[in-house]
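Examining the three-dimensional arrangement
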Amino acid sequence: MHMAKSYYVKFVVPENLVSPIYESLRVASQTGKVRKGTNEATKAIERGTSKLIVIAEDVEPPEVVAHLPIICEERGAAYVFVPSKQDLGKALGIEVTSAAAAILDSGDAQHIIDEVISTIEKIKSGKSEPEAKSEPEPEAKSEPEPEAKSEPEPEAKSEPEAKSEQ
C-alpha cells in the first residue's frame, strides 16, 4: 500500500538515513529547538530559520505538505522525507501524528543533522537515484587499473628475481 510515494516526495531517502533523521528530531527537540506541524515548518522556511525540514511521506491529503519541498527549494532550505507521520510525531515526543517538523536549533543533534544533510545533497545531485550515485565510482576506480596493468612494472620486478636465482 505505501509503495507508491506521493507526488510531493522529490527524492528517495535511503532506508539507513531514516533512523538518524528521527534521532536528530528526538535529540533536537530535547536539546535544541524544533517546531512541529506544517504551518510552523512553513514559517520557519519563510523566515530562513530552519536547519532541516522533515516531511512525512504518508500525509493525506498530500496537498497539506505539497508546498513544503517547493518553498524549501526556493529558499535553499535543507529538507528530508520520512516514511511515517506517526513516527515523526513520536520522534518529536508528541502523542499525535505530525505531517512535518522544522529543526531550528540542532542542539546536540548537530553532527547527525550535518551528516543527514550532506547525504541528501549527494542524493539530490545524483538525481536521487541510488544507481546513478554508485555508477561513477566503479568507473573512476577502473580507469587507473588498465594503466597499471599495461605498465612494465610487474616485469621489472620479476627480472631481479630471475637474476637472483642464477
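Everything numeric in this text was worked out from a predicted model, so none of it was measured.

**A few points about the nonpolar core**
Of all hydrophobic cores here, the largest spans 47 residues; its most connected members are Leu25 and Leu88. Sort the elements by how many residues they give to this core and helix α1 (residues 15-31) lands first, with seven residues. Beyond its immediate sequence surroundings of up to four residues, Leu25 is in contact with Val34, Val54, Leu88, Ala91, Leu92, Ala101 and Ile103.

**Description of unusual backbone geometry**
Across the junction of Glu60 and Pro61, the peptide omega takes the value -15°, indicating a cis bond. Residue position: Pro61 is located in the loop between β2 (52-56) and α3 (63-75).

**As for the side chain of Ser6**
As for its placement among the helices and strands, Ser6 is situated in the segment before α1. Of the residues examined, Ser6 reaches a relative accessible area of 16% and is grouped as buried. Setting aside residues up to four positions removed in sequence, Ser6 forms contacts with Glu57 and Pro62.

**Considerations on the environment of Gly48**
Position of Gly48 relative to the elements: it lies in the loop between α2 (38-47) and β2. Taking the C-alpha atoms as reference, Gly48 lies 9.3 Å from Leu104; in sequence the two are 56 residues apart.

**Here's the deal with the confidence of the model for the protein**
Put simply, the protein has an average pLDDT of 83, and 73% of its residues get 70 or more. Note that pLDDT drops below 50 for residues 128-160; the model gives that stretch seven contacts with residues more than four away or on any other chain.

**A few points about the pattern of salt bridges**
Under the defined criterion, the tally for this structure stands at six salt bridges. Close ionic contact of Glu40 with Arg35 constitutes a salt bridge, the shortest N to O distance being 3.6 Å. Looking at Arg35, the relative accessible area reads 33%, which means it is partly exposed. Note that Glu40 is salt-bridged to Lys43, the shortest N-O span being 3.6 Å. With Glu40 and Lys43 both in helix α2 and three residues apart, the pair spans about one turn of that helix. Note on Lys43: relative accessible area 34%, which makes it partly exposed. Connected via shared salt-bridge partners are Arg35, Glu40 and Lys43.

Reading the values: the criteria
Residues numbered from 1 in each chain as written. Predicted model: local features only at pLDDT ≥ 70, side-chain atom pairs only at ≥ 80, totals over all residues. Heavy atoms only, no water. Core = buried A, V, L, I, M, F, W, Y, C linked by side-chain atoms within 4.5 Å. Buried < 20%, exposed > 50% of the residue type's maximum accessible area, 1.4 Å probe, protein only. Helix = DSSP H or I, 4+ residues; strand = E, 2+ residues; numbered from the N terminus. Contact = heavy atoms within 4.5 Å. pLDDT = per-residue confidence, 0-100. Salt bridge = Lys/Arg side-chain N within 4 Å of Asp/Glu carboxyl O.

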